[in-house]
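Structural overview for review
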Amino acid sequence: MEAAHNDLLQQIARLSETYANLADRLGQAAKQLQDSGLPPSDSLLQEVATYSRNFATVQKQALELNKSAIAPGEIASLKDIQNLVQTAAASEGKAEIRDAALKVIDRVLAIAHREQSDFAPLQSVHAKARELQRAISESTPTQLHSDAESLVSGKHPVAAVLALVEQQDKLDDEQWVFLEETVSAAFGKQIAVAISRGKLTIAEMVKAAPAKVEPAFKPAPEPKISAEPLPEVIIIPSGNVAPKQVAVAPQIQILESPAPSVPMHEVIIVPSVEVPQSLQTTGSGNIVFGAPREIQQVPVEGALGIKVLVHIQGIGDRTFGAQEYAGSKGRGLRVEGFQINIDPPIPGLNVEYMAHVEGVGDTPWIGEGELAGFRGQAKRIEGFAVRLSGQQADKYDVFYSAHIQNIGDTDVSSNGEYCGTRGKALRIEGIKVWIAPSASSQTATPVGLKVLAHIQGIGDRTFSDREYAGTKAQGRRVEGFQIKIEPPVAGLNLQYMAHVEGVGDTAWISEGELAGFRGKAKRIEGFAARLTGPQADKYDVFYTAHIQNVGDTPVTANGQYCGTRGKGLRVEGISVWVEPKA
């Protein structure tokens, strides 16, 4: 297309040069006609007619080439045509850069650690890549995102990570040093070291999985989804408002899809009213009165009582209980210190903790009731760990997680594992801590899942574990999915990957993240899921898929690949569930 634009610009230049003095000669002919009645010569009239035909041809080509909605009458001059073509050529160049930048980001998101699926420095790179992906995807053709060109040229730190991983053996020493310094400055030395040691790779293929585990029962028949359009929305005005003039702009949030077997009823929107506190909870999971509330985490059976004090920037000390979120979200406020107490005390059981503090580094392990961090010094907590001690310690596990700047909620850590970052200057904005009886003394609890599938022509739909998430006999591809343990189970996390059309295998990602894409019309061709965390060895995760021209696959488990590669066959639906081991 760039050649077509250039050719058209050359035609415009030749047209301008060929008829450079036509206006002057027409002016003279007009004066002669006015002064003496002498008509223009036949040759001049023929030249004007030829110019008019050439102008109309160039005008038509410009409008067709750029698929413009502008009417021909709005392009009144040769200069107008030239400006239109030049603007379109510039926009097309920007669109090509935009597409190339998105391809770079897709490759970056496919980078995986060979040994650690939750390698924190790589997660930071992925978080930045997703942020750029959203921003560049939302940019218009005429407003190219400021980072797109640097991604394509390889100068952006995210692109530098990809270059080091993909081209290790092809880079000379000078190139390597430059890229390594760029990556270290943006994401820390640890990821540069991991790349140099060959720990990172592009996840093109999933390695051989362990032997298949057969479930103890057969999955229930899958319900079908109807693709019929939703009923219309009815808007009811209040009191004296004329119906045809109603303007209602409420904030509406769909928390989950109704069960596929339940008919969808009309949605009625009425002017807002004060809702009594007693009406905040309703009998339906799909209706919320008033502002949406945070879903409360289900208490862990047998959990001990603890008190968590956090010192929050600009707020001061606040005290919370076990499993309560201690801190703030969405306000950019750092946690500057914390202390933990078992309350009421348990004889023979103590809690210890440490923190990584801005400008200080790791603190020593300290006993309960002492402050980890500082008051009044404006120093952020960047990470922490908690462990149990005493004669009763082997009968309990301590679990904890954090909400981190630019990253979000971490996976659950336990029993002295480090939770957070080091060397990235990222603040912790809140923590959760709880203590529960050791899993060795408990039977495995049932695990529920929520599975979101992004379906061609339908969009996002949410299903439960064992439910069929997708369509059958409609030819609709699953374009993305995400899975989440709901309610959360302490010490148990879920990861999954997908094989995506035109992309290949994605990296293993954590629960709640989307595997695949929205709005790119790319089919999922296969996937896998696995469990992680201290409780993972007590459960199996099972899954199946319905594949174009193949049908239902056998039940697959624990990281085995389910689907096809290289055959161009879409996944039309999936089922996923978790069971305690026998």
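The residue numbers shown here count from 1 along each chain, following its written sequence. Owing to the predicted nature of the model, reporting of local features is limited to residues with pLDDT of at least 70; listing and counting of side-chain atom pairs is limited to 80 or more, with chain, interface and lining totals taken over all residues. Excluding hydrogens and water, the side-chain figures rest on all heavy atoms present in the structure.

1. As for the sheet that holds strand β26 (residues 515–516)
- Whether two strands pair comes down to DSSP finding at least two bridges between them. Put simply, DSSP marks the helices as runs of H or I at least four residues long and the strands as runs of E at least two long, and each gets a number from the N terminus on. What the 4 strands build is an open sheet, ordered β20-β19-β22-β26; its pairing is antiparallel. The outermost strands of the open sheet, each flanked by one partner alone, are β20 (459–464) and β26.
- Across 2 bridges, the pairing between strand β22 (residues 478–485) and β26 is antiparallel. Across the sheet, Phe481 pairs through a bridge with Ala515, a residue of β26.

2. Concerning the environment of Gly383
- Tracing the backbone through its elements, the reader meets Gly383 in strand β13 (residues 381–389).
- The sequence separation of Gly383 and Ile428 amounts to 45 residues, and the corresponding C-alpha distance is 6.9 Å.
- The contact definition used throughout considers only heavy atoms, calling two residues in contact when any of these lie within 4.5 Å. Discounting residues that sit within four places of it in the chain, Gly383 has contacts with Met354, Ala355, His356, Tyr418, Cys419, Gly420, Thr421 and Ile428.

3. Focus: the sheet that holds strand β5 (residues 306–312)
- Taking strand neighbours across the sheet as the criterion, the 4 strands line up as β6-β5-β8-β12 in an open arrangement whose pairing is antiparallel. Unpaired on one side and paired on the other, β6 (316–321) and β12 (372–373) mark the two borders of the sheet.
- With 2 bridges joining them, strand β8 (residues 335–342) and β12 adopt antiparallel strand pairing. Counted as the bridge partner of Gly337 is Gly373 from β12.

4. Comments concerning helix α2 (residues 22–36)
- In this model, α2 (15 residues) spans 21 Å end to end at C-alpha, consistent with the 21 Å of a helix rising 1.5 Å per residue.
- Phi turns positive, to about 80°, at Gly37, one or two residues after α2. Every helix has an expected span of 1.5 Å times one less than the residues it contains.

5. What to know about the pattern of salt bridges
- We define a salt bridge as a side-chain nitrogen of Lys or Arg found within 4 Å of a carboxyl oxygen belonging to Asp or Glu. Counted according to the given criterion, the structure contains 26 salt bridges.
- Close ionic contact of Arg130 with Glu513 constitutes a salt bridge, the shortest N to O distance being 2.7 Å. Taken together, the residues span a long stretch of sequence, with Arg130 in helix α5 (residues 120–138) and Glu513 in the loop between β25 (509–510) and β26 at a distance of 383 residues.
- Exposure is judged per residue with a 1.4 Å probe applied to protein chains only, and the accessible area is read against the type maximum: over 50% gives exposed, under 20% gives buried, and values in between give partly exposed. On the accessibility criterion, Arg130 (25% relative accessible area) is partly exposed.

6. Details of helix α8 (residues 173–187)
- The end-to-end C-alpha separation of α8 is 21 Å, in line with the 21 Å expected for 15 residues at 1.5 Å each.
- Of the positions making up α8, those classed as buried are Trp176, Leu179, Glu180, Thr182, Val183, Ser184 and Phe187.
- Looking at the buried residues of α8, the elements they touch are α5, α7 (157–166) and α9 (189–196).
- Phi turns positive, to about 95°, at Gly188, one or two residues after α8.

7. What to know about the pairing of strand β18 (residues 428–437)
- Among the 10 residues that make up β18, 8 are buried, leaving the element largely enclosed by the rest of the structure.
- As judged from the 2 bridges shared by strand β7 (residues 326–327) and β18, these two strands associate in the antiparallel manner. Residue pairing in the sheet places Gly327 in a bridge with Gly430 of β18.
- Two strands pair when backbone bridges link them, and strand β14 (residues 396–404) and β18 are joined in this way by 9 bridges, in the antiparallel orientation. In the strand pairing of β18, His403 is matched with Gly430.

8. As for the packing of aromatic side chains
- Within 6.5 Å between ring centres, the rings of Phe, Tyr and Trp (the latter by its six-membered ring) count as paired, and their orientation is classed by plane angle as stacked under 30 degrees, edge-to-face over 60, tilted in between. Summed over the entire model, instances satisfying the criterion amount to 8 aromatic pairs.
- For the pair Phe527 and Tyr543, a centre-to-centre distance of 5.2 Å together with 50° between the ring planes defines the contact as tilted. Of this pair, Phe527 sits in strand β27 (residues 524–532) while Tyr543 sits in strand β28 (residues 539–547), and the two are 16 residues apart along the sequence.
- In this structure Tyr543 comes out as buried when scored by relative accessible area, which is 0%.
- Cluster of aromatic residues (ring-pair linked, three or more members): Phe338, Tyr353, Phe384 and Tyr400.
- Positioned over the ring face of Tyr325 is Lys329, at 4.9 Å from the centre of the ring.
- The ring of Tyr418 has Arg422 sitting right over it, with the charged end atom 3.6 Å from the ring centre. Over a ring means this: the NZ of a Lys or the CZ of an Arg is within 6 Å of the ring centre and within 35 degrees of the ring normal.

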